[in-house]
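For reference, the chains in residue letters:
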Amino acid sequence: MLSQRIQTILPDMTFEEALEVTKIHSVSGILSKKNPFVSTRPFRSPHHTVSRTSLVGGGRIPKPGEISLAHFGVLFLDELTEFNKNNIELLRGPLEDRKITISRLEASITYPANFMLIASMNPCPCGYYGSKEKECRCTPEQIKRYLQKISGPILDRIDMHIEVSGVPYKKLKGTEMIETSEEVRKRVNEARKVQINRYKNEGVFSNSELTPKLITKYCSMEKANTELLEKSFKKLHLSARAYSKIIKVARTIADLDNSKEIKTQHLAEAIQYRSLDRIE
Ligand SMILES: [Zn+2]
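Residues numbered from 1 in each chain as written. Predicted model: local features only at pLDDT ≥ 70, side-chain atom pairs only at ≥ 80, totals over all residues.

Now for the sheet that holds strand β7 (residues 116–119). With parallel pairing, three strands are arranged side by side in an open sheet as β1-β4-β7. Bordering the open sheet on either side are β1 (43–44) and β7, each of which pairs with just one other strand. Bridging between β1 and strand β4 (residues 74–77) involves two bridges; their strand directions are parallel. Counted as the bridge partner of phenylalanine 43 is valine 74 from β4. (Pairing = 2+ DSSP bridges. Helix = DSSP H or I, 4+ residues; strand = E, 2+ residues; numbered from the N terminus.)

Relative to strand β6 (residues 108–112), strand β5 (residues 99–103) runs antiparallel, the two being bridged by five bridges. Each residue of the ladder has a partner; that of lysine 99, found in β6, is proline 112.

Glancing now at the environment of glutamate 261. Looking at the secondary structure, you find glutamate 261 in the loop between α13 (240–256) and α14 (264–272). Linking glutamate 261 and isoleucine 158, residues 103 residues apart in sequence, is a C-alpha distance of 24 Å.

This part covers the nonpolar core. Core analysis: the biggest nonpolar cluster contains 21 residues, and Ile67 and Leu75 have the highest contact counts within it. Mapped onto this core, the elements with two or more residues apiece are α2 (15–27), α3 (52–56), α4 (66–69), β4 and β7. Broken down by element, this core gets its largest block of residues, three residues, from β4. Excluding residues within four positions of it along the chain, leucine 75 makes contact with Arg44, Glu66, Ile67, Ala70, Phe115 and Leu117. Listed in part, the 14 residues of the second largest apolar core include Leu229, Ala250, Ala254 and Ile271. (Core = buried A, V, L, I, M, F, W, Y, C linked by C-beta atoms within 7 Å. Buried ≥ 20, exposed ≤ 12 C-beta atoms within 10 Å, placed from the backbone. Contact = placed C-beta atoms within 7 Å.)

Now for the domain arrangement of the protein chain. The assigned domain composition of the protein chain is domain 1 (2–173) and domain 2 (181–278). Computed over C-alpha atoms only, the centres of domain 1 and domain 2 are separated by 23 Å. At the interface, 13 residues of domain 1 touch 15 residues of domain 2. Split into classes, the residues belonging to the side of domain 1 that touches domain 2 amount to six nonpolar, two polar and five charged. (Domains from an automatic or database assignment. Nonpolar A, V, L, I, M, F, W, Y, C, P; charged D, E, K, R; others polar.)

Moving on, we come to the environment of isoleucine 6. Along the chain, isoleucine 6 turns up in the loop between α1 (2–5) and α2. Isoleucine 6 gets classed as partly exposed once you count the C-beta atoms within 10 Å, which come to 16. Sequence separation between isoleucine 6 and valine 74 is 68 residues, and the spatial gap between their C-alpha atoms is 8.4 Å. Apart from residues no more than four positions distant in its own chain, isoleucine 6 is found in contact with Val74 and Ile118.

So, about the environment of glutamate 269. You can see glutamate 269 is positioned in helix α14. Expressed as a C-alpha distance, the spacing of glutamate 269 and glutamate 179, which sit 90 residues apart in the sequence, is 20 Å.

Once that is clear, we can look at the pairing of β4. As defined by bridge partners, β4 adjoins β7 across four bridges and the pair is classed as parallel. By the bridge assignment, leucine 75 is partnered in β7 with leucine 117.

Next up on the list: unusual backbone geometry. Even without glycine at this site, glutamate 79 takes up a positive phi of about 60°. Locating glutamate 79 in the fold gives a position in the loop between β4 and α5 (85–89). One non-glycine residue with positive phi stands out, namely asparagine 258, at about 65°. Inspection of the secondary structure assignment puts asparagine 258 in the loop between α13 and α14. Under the C-beta neighbour-count criterion, asparagine 258 is labelled exposed, with 10 such atoms within 10 Å.

Moving on to the packing of helix α12 (residues 223–235) against α14. Two elements in contact, α12 and α14, have axes separated by 10 Å at closest approach and are oriented at 15°. Here α12 is positioned roughly parallel relative to α14, judged by the angle of their axes. In this structure, the crossing between α12 and α14 has a hand that is right-handed. Residues Ala224, Asn225, Leu228, Leu229 and Ser232 of α12 pack against Thr264, Leu267 and Ile271 of α14. Within the contact of α12 with α14, the residues separate by chemical class into five nonpolar, three polar and no charged. (Axes fitted to C-alpha atoms, helices over the stretch in contact; angles between N-to-C directions. Parallel < 35°, antiparallel > 145°, perpendicular 65-115°, else oblique. Left-handed = near helix turned anticlockwise from the far one by under 90°.)

Here the protein chain shows a mean pLDDT of 91. Residues at 70 or above account for 95%. For the protein chain, helix α9 (residues 169–173) is the element with the lowest average pLDDT, namely 68, and α4 is the one with the highest, namely 98. (pLDDT = per-residue confidence, 0-100.)

In structure tokens, the structure reads:
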């Protein structure tokens, strides 16, 4: 449910983004006649039986796949461990390059694929590992094998790992509303504006696009924070990629907090989102 609601808090699409998405959807023939201009960020959630061609694109006359249809929006993979492992591995390239090249004998075509990947999975085969409601019946070996279905390089490319516990039915039905999507979206749009402004001379729009050089320029931290990051890096055996992801996420948390500097609490929160790195 959380994943599906993300669409309601994503920043508004710019006209240029909307135009690009509309073009891709037009090539695929999925534009609606009633509403031929795509103005909201796409949300694509292919089933785990999705074929390689439907996921990344292809065919005799290469058509865009789900990863391109999700351009500037969200690609949601529910029950990630159920997907064909080889298909998941195909996402490694596009998650780095934000595009995909489909090669055919006659020609090769490149489609944009700048999507936000959201994936969900259970903590173990039975789904109750760590649950307060029911006891998990899996053996450590079973759990290990289950988690290994997702490769290190894929986990490495995911910015935030979040564990969520089951919600009791009573609470789900509760009417207690903390913050509406509309309010959250306002904060997201504000933070996005700050980033567009900050990077206006750099050719990038958001924190996620920062290169190592730009990270040094825009994400400087106090010495105590650099030390905290180094300590976590060693303790969690983080990769260089995870290291820069933590800094970018911390920069975003600071932006949402209206803070010019990355403070300790921003960094600590970002580090906490690498929980799957801790599983050996
Ligand atoms: Zn279990």
